[in-house]
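Reading the structure
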Amino acid sequence: MNRFMNVLKKGNQVYVEAMYSTCFKIYKDRQFLMVTDQNRIISFEVEDYVKSITILGYYNDLIVREDYFLSDDRELDRDRDFRPGDILVASDNVKKELSGYMGHSALVVNEKEVVEAVGGHPAITKDPIKDFLRKHPIHAQFRPKNKEVGEKVTEFALQYYEKYQENLDQGIKKPIFSFQLSQNLDDLWEFTYCSKLIWLCYHYGAGYTFENDDLWFSPEDLYHNLIDNEAFELVYRHPDLQFLIDT
């Protein structure tokens, strides 16, 4: 996929060029920095400690998110292993003010990649695990104790992702990313969001259905389904992870 924005860093100065739009928001380490709807090329200064730049671009009826990492991978080289079917659930958020209220989740499909619904377009992506760790350090990692379950879930997730890519190639934008409460949780092709994607993959891939206490199956719901679940083991949990409300 062609990038919607170009980012160039020279010293402490960052230059952003929007390729297809003049309206975008910029975040430094998940903290809002600025919004612009006038200039397609802007520049701003970043401090040495800033690790990432996140840009939300608005293109007609689409919201496109792109992340640019300014730090190296040394802080990610800790002793962690990832297996198909592992679930990553974070309580932090790109918009820092939403941390603890609106988290994020992703499904591990191999030792290096996740399938996730990150928001905007494209609705479903396959991304490096290290990207998730950079964007969402405050997270937990859960693993199904039954290896076969993880394999079945992963097989479904990859097939679902490939079908979504085929839809895009044909000009079909289904599913779209949305938190609409009116949607059916078991519907595959109208709407999706991060934790619903995991619900779908476990439900259809392995016949395992997470309980939902409301119409929206949130990352908080997913986390509390997993934390005391005998079918899963807790592999890792950041000490600061917390959800502030029951969604």
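Here, every reference points to the structure presented above.
For clarity, every value in this text was computed on a predicted model and none was experimentally measured.

**As for the overall build of the protein chain**
Along the protein chain, the regular secondary structure elements total four helices and 15 strands. The proportion of buried residues among the 247 residues of the protein chain is 49%. Across the protein chain, contacts joining residues at least 24 apart in sequence account for 58% of those joining residues at least 6 apart. Surface accessibility of the protein chain: about 12600 Å² in total, with carbon and sulfur atoms responsible for 46%.

**Some remarks on the packing of aromatic side chains**
This model, assessed by the stated rule, comprises 14 aromatic pairs. Relative to Tyr223, the ring of Phe142 lies with its centre 5.9 Å away and its plane at 65°, an arrangement referred to as edge-to-face. In this pair, Phe142 sits in strand β12 (residues 139-144) while Tyr223 sits in helix α4 (residues 219-226), placing the two residues 81 residues apart along the sequence. The buried category is assigned to Tyr223, whose relative accessible area is 6%. On the basis of an interplanar angle of 20° and a centroid distance of 6.2 Å, the ring pair of Phe210 and Phe217 is categorised as stacked. Neither residue differs from the other here; Phe210 and Phe217 are each classed as buried.

**Brief notes about the pattern of salt bridges**
One pass over the full model with this rule turns up five salt bridges. The partner of Arg143 in a salt bridge is Asp81, with the nearest N and O atoms 3.5 Å apart. Placement of Arg143 in strand β12 and of Asp81 in the loop between β7 (62-69) and β8 (87-90) is noted, with a sequence separation of 62 residues between them. Here Arg134 makes a salt bridge to Asp131, at a shortest N to O gap of 2.8 Å. Residue Arg134 and its partner Asp131 are both found in helix α1 (residues 129-135); the two are separated by three residues, about one turn of the helix. Taken as a pair, Arg134 and Asp131 share a single burial class, namely buried. The network of salt bridges with common partners includes Asp81, Arg83, Asp86 and Arg143.

**Points about the sheet that holds strand β10 (residues 113-116)**
Strands sit in the order β11-β10-β9-β8-β12-β15 across an open sheet of six strands; the sheet is antiparallel. In the strand order of this sheet, the two ends are held by β11 (125-128) and β15 (232-237), each with one partner. Averaged over all neighbouring strand pairs, the angle between strand axes comes to 30°, with direction disregarded. Where β8 lies against β12, four bridges are found, and the strand directions are antiparallel. Bridge pairing links Ile87 to Phe142 in β12.

**A look at the nonpolar core**
Within the largest apolar cluster, 34 residues are counted, with the highest numbers of intra-cluster contacts made by Ile87 and Phe210. Looking at this core, the elements that each hand over two or more residues are β8, β12, α2 (147-169), α3 (194-206) and α4. Ranked by size, the runner-up nonpolar core spans 11 residues in total, among them Val16, Phe44, Val50 and Ile55.

**What to know about α3**
Taking 1.5 Å of rise per residue, the 13 residues of α3 would be expected to cover 18 Å, and the 18 Å separating its terminal C-alpha atoms lies within 8% of that figure. Every buried residue belonging to α3 is among Cys194, Ser195, Lys196, Leu197, Ile198, Trp199, Leu200, Cys201, Tyr202 and Gly205, and all of these are buried. Gly207 occupies a position one or two residues after α3 and carries a positive phi of about 65°.

**What to know about the environment of Cys194**
Tracing the backbone through its elements, the reader meets Cys194 in helix α3. On a C-alpha basis, the gap between Cys194 and Ser218 in space is 8.2 Å, while along the polypeptide they are 24 residues apart. Those residues in contact with Cys194 that sit more than four places away from it in its chain are His104, Ser105, Ala117, Phe177 and Pro219.

**Here we look at the pairing of β10**
Bridge count for strand β9 (residues 104-108) against β10 is two bridges, and the pairing is antiparallel. If you follow Leu107 over to β10, its bridge partner there is Val115. Between β9 and β10, which pair antiparallel one after the other, the connecting turn spans four residues. Of the pairings in the sheet, the one linking β10 to β11 comprises four bridges and is antiparallel in character. In the sheet register, Val115 faces β11, and the bridge partner there is Lys126.

Rules used in this analysis
- All residue numbers refer to positions counted from 1 along the written sequence of the respective chain.
- The predicted origin of the model limits local features to residues at a pLDDT of at least 70 and limits the giving and counting of side-chain atom pairs to 80 or more, whereas totals for whole chains, interfaces and linings rest on all residues.
- The side-chain quantities take in all heavy atoms of the structure and omit both hydrogens and water.
- Numbering of helices and strands runs from the N terminus; a helix is a DSSP stretch of H or I covering at least four residues, while a strand is a stretch of E covering at least two.
- The classification of residues rests on relative accessible area computed with a 1.4 Å probe and restricted to protein chains. Under 20% of the type maximum is buried, over 50% is exposed, and intermediate values are partly exposed.
- Whether two residues touch is decided by their heavy atoms; if any such pair falls within 4.5 Å, the residues are in contact.
- The protein chains shown are the only cover counted for residues, whose accessible areas, like all others here, come from Shrake-Rupley with a 1.4 Å probe.
- A pair of Phe, Tyr and Trp rings is counted when the ring centres sit within 6.5 Å of each other, with Trp represented by its six-membered ring. The angle between the planes then sorts it: under 30 degrees is stacked, over 60 is edge-to-face, the rest tilted.
- Salt bridge, as used here, is a side-chain nitrogen of Lys or Arg placed within 4 Å of a carboxyl oxygen of Asp or Glu.
- Criterion used throughout: strands pair if DSSP finds at least two bridges between them.
- A fitted line through C-alpha atoms represents every axis, and for helices the fit uses only the stretch in contact; the resulting angles, taken between N-to-C directions, go from 0 to 180 degrees.
- In these notes, a set of buried Ala, Val, Leu, Ile, Met, Phe, Trp, Tyr and Cys residues joined through side-chain atoms within 4.5 Å is what counts as a nonpolar core.
- How far a helix is expected to stretch is found by multiplying one less than its residue total by 1.5 Å.

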